[in-house]
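A look at the structure
Single-letter residue listing:
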Amino acid sequence: MTLYWKVEPDASHAHPFLLEAGKMIAEGGTVAFPTETVYGLGADARNTEAVEAVFRAKGRPADNPLIVHIADRRQLDGIVRETDGAALRLMDAFWPGPLTIVLPAAPGALSPRVTAGLPTVGVRMPAHPVALALIRAAGCPVAAPSANRSGRPSPTNAAHVREDLDGRIGGIVDGGPAGVGLESTVVVVEKGLTGGDTQIRVLRPGGVTVADLRRELPGVPIAAEIEEPAEGQTPRSPGMKYAHYAPKGRLTIVEGSPERVADRIRRSLSEAKRNGERTGVLAVRERADLYDADVIAACGSANDPEEAARNLYAALRRFDEAGVTCIWAEQFPFPPDGIGLALANRLSKAAGHRIERV
Ligand code: AMP
Ligand code: MG
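Definitions and limits used
Residues numbered from 1 in each chain as written. Chains lettered and ligands numbered in written order. Predicted model: local features only at pLDDT ≥ 70, side-chain atom pairs only at ≥ 80, totals over all residues. Heavy atoms only, no water. Core = buried A, V, L, I, M, F, W, Y, C linked by side-chain atoms within 4.5 Å. Buried < 20%, exposed > 50% of the residue type's maximum accessible area, 1.4 Å probe, protein only. Helix = DSSP H or I, 4+ residues; strand = E, 2+ residues; numbered from the N terminus. Contact = heavy atoms within 4.5 Å. 1 Å grid on protein atoms, 1.4 Å probe; cavity = no way out; pocket = protein on both sides within 12 Å on 5 of 7 lines; lining within 4 Å. Points joined across faces, edges and corners; volume = space filled by probe spheres on them. Pairing = 2+ DSSP bridges. Axes fitted to C-alpha atoms, helices over the stretch in contact; angles between N-to-C directions. Salt bridge = Lys/Arg side-chain N within 4 Å of Asp/Glu carboxyl O.

Counting 70 residues, the largest nonpolar core has Leu-90, Trp-95, Leu-99, Ile-101, Val-173 and Leu-213 as its most contacted members. Looking at this core element by element, the count peaks at seven residues for helix H4 (residues 129-138). Once you skip the residues sitting within four places of it in the chain, Leu-99 turns out to touch Leu-90, Phe-94, Val-123, Arg-124, Ser-184, Thr-185, Val-187, Val-208 and Leu-213. Counting 28 residues, the second largest nonpolar core, distinct from the first, contains Val-38, Tyr-245, Leu-282 and Val-284.

Structure representation (structure tokens):
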């Protein structure tokens, strides 16, 4: 049975429900909780059995490492080997917040299952009062991937977590909707080839944008081309090689001039209907009326990428609920430097990189 606790979004670590949930984590259980990105599924990062239970509940491949969540910078001491100047500046600027920093792991401190055998560990301090309170109540570093079945869209509210994991985990802390709606940005600080200059490499775009990083670290080079590893190649971030965020129906992104995109999607819809498919369209609100499909999901306005980020995963889940088999998405009309980069990345992964250019 999965326990369920409903708390206010600003509940403190003295809240009796959070004490109970924290105790469950401290005793080796698994608890889902809200963060300012998406809901996470947490376990004591030092406890291999607990961490294995997280992988099992999600059906997550064992070589995809988990992000470790802390509530206090002092918790870093036991977890990482060293933090250089650039990493400290990132923490000063963005913690608590949606930025995961990959750091050299202190040997033996965490369960080897957390890091999937890598010599590094991704750490972040979430900016959600309930997440921070729960980590404090647990009294340990909390390993937490998104609280969805592996491959599905990440959960942005407690109902999504229930859909995927009810009966498979110890408890769910419901603290209302998550914030950003997309996962954290993952970065690693790299030493320059000459051993001198460092640079920041973005491994996964997310809530902290490249523009934010540039603003806070002027003069530090930032590599932000998100490479999709080629077949058989080892990615820098193991999670990059897996299908992600995907609805059950076949999702295709259509990209091009607004008229041609509308044209192509309308023709594809007619054909799919003739073939007896249940159809869906994902578009910005201003263009949703252009289409006639079984489910039309407008995840936000054309001038509000943050709104689209908050609603994307819930929109993808709506197609599943309605049994939609074929979905067409307009490419998002957002510039690629802000949260638009993360949105394009998630949509492309959700579509298995199926993109039609018209
Ligand atoms: P999720 O927990 O589902 O948000 O996924 C975590 C992401 O962070 C995955 O893409 C992981 O591959 C990535 N990640 C976690 N730890 C590391 C690490 N030590 N090095 C590189 N990437 C990591
Ligand atoms: Mg995930």
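There's more to say after this.
As a further point, take empty space enclosed by the protein. Using the criterion set out here, one finds one cavity of 30 Å³ or more in the structure. Approximately 50 Å³ is the volume attributed to the largest cavity. Lining the largest cavity we find Thr-185, Val-202, Pro-205, Gly-206, Val-208, Thr-209, Val-210, Gly-338, Ile-339, Leu-341 and Ala-342. Looking at the lining of the largest cavity, the element that brings in the most residues is helix H9 (residues 339-350), giving three residues.

Moving on: unusual backbone geometry. Note that the residue after Trp-95, namely Pro-96, is joined by a cis bond; omega there is -10 degrees. Within the secondary structure, Pro-96 is located in the loop between helix H3 (85-94) and strand S5 (99-104). One non-glycine residue with positive phi stands out, namely Ala-116, at about 50 degrees. Relative to the assigned elements, Ala-116 resides in the loop between S5 and strand S6 (120-124). With a phi close to 65 degrees, His-353 is a non-glycine residue in the positive phi region. Note on placement: His-353 falls in the loop between H9 and strand S16 (355-357).

A word on the environment of Ile-355. Residue placement: Ile-355 occurs in strand S16. By relative accessible area, which is 25% here, Ile-355 ends up partly exposed. Distance in space between the C-alpha atoms of Ile-355 and Asp-174 is 36 Å, their sequence separation being 181 residues. Among residues more than four places away in sequence, those in contact with Ile-355 are Ile-253, Glu-255 and Ser-348.

It is worth spelling out the pairing of S5 at this point. For S5, the tally of buried residues reaches five of six residues, placing the bulk of the element in the interior. Judged from the four bridges that link them, S5 and strand S9 (residues 185-191) form a sheet pairing that is parallel. Among the inter-strand pairings, Thr-100 is bridged to a residue of S9, identified as Val-186. Direction of pairing for S5 relative to S6: antiparallel, over a ladder of four bridges. Paired with Pro-104 across the two strands is Thr-120, which belongs to S6.

This paragraph deals with the sheet that holds strand S13 (residues 279-283). One key point about sheets: their strands pair by backbone hydrogen bonds, in either a parallel or an antiparallel sense. Across the sheet, five strands lie side by side as S14-S13-S15-S12-S16; this open sheet has parallel pairing. The open sheet has two edge strands, strand S14 (295-298) and S16, and neither has a second partner. Ignoring which end each strand starts from, the neighbouring axes of this sheet average 20 degrees apart. As defined by bridge partners, S13 adjoins S14 across four bridges and the pair is classed as parallel. Paired with Gly-280 across the strands is Val-295, a residue of S14. Helix-sheet contacts for H9 involve strand S12 (250-255), S13, strand S15 (326-330) and S16, and the interaxial angle to S12 is about 135 degrees.

Our focus in this paragraph is the pattern of salt bridges. In the structure shown here, the tally under the stated rule is 20 salt bridges. Across the pair Arg-215 and Asp-212 runs a salt bridge whose closest N-O atoms are separated by 2.6 Å. Linking Arg-215 with Asp-212, this pair stays in helix H6 (residues 210-216), spanning three residues, or about one helical turn. For Asp-212, a relative accessible area of 18% translates into the label buried. Note that Glu-330 is salt-bridged to Arg-287, the shortest N-O span being 2.8 Å.

None of the figures reported here should be taken as evidence of function without further support.
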